[in-house]
Amino acid sequence: MFLNRREGANSLAMRLKKTVALVGMMGCGKTAVGTALARRLAVPFLDSDAAIVEAANMTIAEIFERDGEAFFRAREAEVLARLMEGQACVLSTGGGAYLAESNRAVIHAKGVALWLKADVDLLWSRVKHKTTRPLLRTDDPRATLESLARVREPQYAKAELAAEAKPDYSIEDMVEVVVEVLSRRPDVLERD
């Protein structure tokens, strides 16, 4: 399944050679796994949603409410392009960022996309009590999540790499899975 932490990736020195952009549905673990992965690889962790919030001095929900989704997506593309320019890092992208062909092109040109796959039941268990998800502010948020997953997953499948989340995986377990996937690509992750 995946490497034992003591025997696997931790025992080897690793160097990230290009930015890993984590893509996937809300609740798949992009922020939690990305933070832990960046710490493991001793590289910066960046979050495109956090960068948008900081630049706008507003929450994403407030941006959606005041300016609409199209405005948000335009700002998201600008921020993503800027964040992909820096040194190799782990980058958490917003759930909708990878849907735009122009964003996929930027990620593929300057880094590598890794899809954190999770089934709808797992996603729902993680997001059902959150009020920070503007796209789930509907009469039936579970049905909305299912619909979003159906529409988005074919786009996420265009990522060069994928790692599947399981309900019983801890964040550390998921990091192990991701490191194993990345280590199959010496152009992305080099083991010393």
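Residues numbered from 1 in each chain as written. Predicted model: local features only at pLDDT ≥ 70, side-chain atom pairs only at ≥ 80, totals over all residues. Heavy atoms only, no water.

### Observations regarding the environment of alanine 56
If you trace the backbone, alanine 56 turns up in helix H2 (residues 48–56). On a C-alpha basis, the gap between alanine 56 and leucine 99 in space is 22 Å, while along the polypeptide they are 43 residues apart. (Helix = DSSP H or I, 4+ residues; strand = E, 2+ residues; numbered from the N terminus.)

### Side note on the pattern of salt bridges
For the structure shown, the criterion picks out 13 salt bridges. A salt bridge links lysine 110 to glutamate 85, with the shortest nitrogen-to-oxygen separation between them at 3.0 Å. With lysine 110 in helix H5 (residues 101–110) and glutamate 85 in the loop between helix H4 (69–83) and strand S4 (90–92), this pair connects stretches of sequence that are 25 residues apart. We classify lysine 110 as partly exposed; its relative accessible area is 39%. A network of salt bridges, in which partner residues are shared, links Arg15, Lys17 and Glu190. (Salt bridge = Lys/Arg side-chain N within 4 Å of Asp/Glu carboxyl O. Buried < 20%, exposed > 50% of the residue type's maximum accessible area, 1.4 Å probe, protein only.)

### Thoughts on the confidence of the model for the protein chain
Of the residues in the protein chain, 91% have a pLDDT of 70 or more, and the chain-wide mean is 89. Summarising per-element confidence for the protein chain, the mean pLDDT is lowest in helix H6 (residues 120–127) (88) and highest in strand S2 (residues 19–23) (98). Under a pLDDT of 50 for its full length, residues 1–11 has, in the predicted model, 22 contacts with residues more than four places off or in other chains. (pLDDT = per-residue confidence, 0-100. Contact = heavy atoms within 4.5 Å.)

### Considering the packing of H2 against H4
Here H2 crosses H4 at 115°, and the two axes come no closer than 9 Å. Compared by their axis directions, H2 and H4 come out roughly perpendicular. For H2 against H4, the interelement crossing comes out right-handed. Across the interface between the two elements, Ser48, Asp49, Ala51 and Ile52 of H2 pack against Phe72, Glu76, Val79, Arg82 and Leu83 of H4. For the contact of H2 with H4, the residue count by class is 5 nonpolar, 1 polar and 3 charged. (Axes fitted to C-alpha atoms, helices over the stretch in contact; angles between N-to-C directions. Parallel < 35°, antiparallel > 145°, perpendicular 65-115°, else oblique. Left-handed = near helix turned anticlockwise from the far one by under 90°. Nonpolar A, V, L, I, M, F, W, Y, C, P; charged D, E, K, R; others polar.)

### Things to note about the environment of lysine 117
Tracing the sequence through the fold places lysine 117 in strand S5 (residues 111–117). Among the residues examined, lysine 117 registers a relative accessible area of 29% and is labelled partly exposed. Each C-alpha atom of the pair lysine 117 and alanine 165 lies 5.8 Å from the other, and the pair is 48 residues apart in sequence.

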